[in-house]
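# Architecture and fold: a report
In case you want the letters, here they are:
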Amino acid sequence: MQDALLDWYATNGRDLPWRHTRDPYAILVSEVMLQQTQVERVIPRWLAWLERWPTAAALAAASPGDVIRAWQGLGYNRRALNLHRAARAIADHGWPDDLTELPGVGAYTAAAVQSFAHGEAVLPVDTNVRRIQERTGRAFGPECGQALMDLGATVCLARVPRCGVCPLAGGCPSRGRRYEPLRKQSRFEGSFRQRRAALLRLVAEEPAPLAALDREAVDALVRDGLVEFDGDVVRLPA
Ligand code: SF4
């Protein structure tokens, strides 16, 4: 199964820009962006980010406001603040042995950096990888990380897997099955998340008087450290 997977990956693997580097900072940025944003949207933003802030030290020297502004459109803006805090921790103290000590870095992201940057023998298990492990009932070695991710993203899809073109079909007990959607994504339109995003976009353009703003959304953004008060004016963190 593993050989079939790696053969498939050699000709069908996605050519993603962060796969051409072993720089842990660049890989960390890609993994944080990919946590909740689609690959196609991440690619141009990752390239622009690395051009602007090519090292953890460069990002650490930026203001939180600039970082939040540069993150606009990727969604889930707290990731930007955490990435910034992580860069500051790295710039001040170097990379910790346990990467989950960095803000916003969980077990998966830590394993991805260990594997893709340092070549350590760990298999980063994201939703795609876990799905294939469960469906095939197989354990895959650490060298299979990117191949499993690509198979999960393009062939072993969540609801209707494309078993007809799958390199693992010969030994997969789940071949031909269909699956119910796990959960419906909550609607963005009309949600509080949308109100927060709209307010942050507004304040990112220029500071605005509190009286003119959606107070509930302001309070939520203040709690997350994404905006702050300057007297009666709301602005990005200085
Ligand atoms: S045969 Fe189907 S269910 Fe099994 S790993 Fe391949 S795509 Fe997924």
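Rules of the game
- Residues numbered from 1 in each chain as written.
- Predicted model: local features only at pLDDT ≥ 70, side-chain atom pairs only at ≥ 80, totals over all residues.
- Heavy atoms only, no water.
- Helix = DSSP H or I, 4+ residues; strand = E, 2+ residues; numbered from the N terminus.
- Expected span 1.5 Å × (residues − 1).
- Buried < 20%, exposed > 50% of the residue type's maximum accessible area, 1.4 Å probe, protein only.
- Contact = heavy atoms within 4.5 Å.
- Near = heavy atom within 4 Å.
- Nonpolar A, V, L, I, M, F, W, Y, C, P; charged D, E, K, R; others polar.
- Salt bridge = Lys/Arg side-chain N within 4 Å of Asp/Glu carboxyl O.
- pLDDT = per-residue confidence, 0-100.

### Details of helix H7 (residues 107-118)
Look at H7: 16 Å from first C-alpha to last across 12 residues, which is about the 16 Å you get at 1.5 Å a residue. When you tally the buried positions in H7, you get 9 out of 12 residues, the bulk of the element. Those residues of H7 not exposed but buried are Tyr108, Thr109, Ala110, Ala111, Ala112, Val113, Ser115, Phe116 and Ala117. Contact partners of the buried residues in H7: helix H2 (24-34) and helix H9 (145-154). Residue Gly119 follows H7 closely and has a positive phi angle near 65 degrees.

### So, the site of the ligand
Taken together, the residues surrounding the ligand are Arg135, Thr136, Cys156, Pro161, Cys163, Cys166, Ala169, Cys172 and Ser174. Among the residues forming the shell around the ligand, the class breakdown is 6 nonpolar, 2 polar and 1 charged.

### Points about the pattern of salt bridges
For the structure on display, the rule yields 10 salt bridges. We note a salt bridge from Asp214 to Arg195, for which the minimum N-O separation is 2.7 Å. Here the residue Asp214 occupies a position in the loop between strand S1 (208-209) and helix H11 (215-223), and Arg195 occupies one in helix H10 (residues 192-205), the gap between them amounting to 19 residues. Taken together, the shared-partner salt bridges connect Arg14, Arg19 and Asp150 into one network.

### Quick notes on the confidence of the model for the protein
When pLDDT is averaged along the protein, the result is 94; 98% of the residues meet or exceed 70. Considering each helix and strand of the protein separately, the mean pLDDT is smallest for H10, with a value of 92, and largest for helix H4 (residues 56-61), with 98.

### Side note on the environment of Leu47
Looking at the element boundaries, Leu47 is found in helix H3 (residues 39-52). Spatially, the C-alpha atoms of Leu47 and Asp219 are 33 Å apart, while their sequence positions differ by 172 residues.

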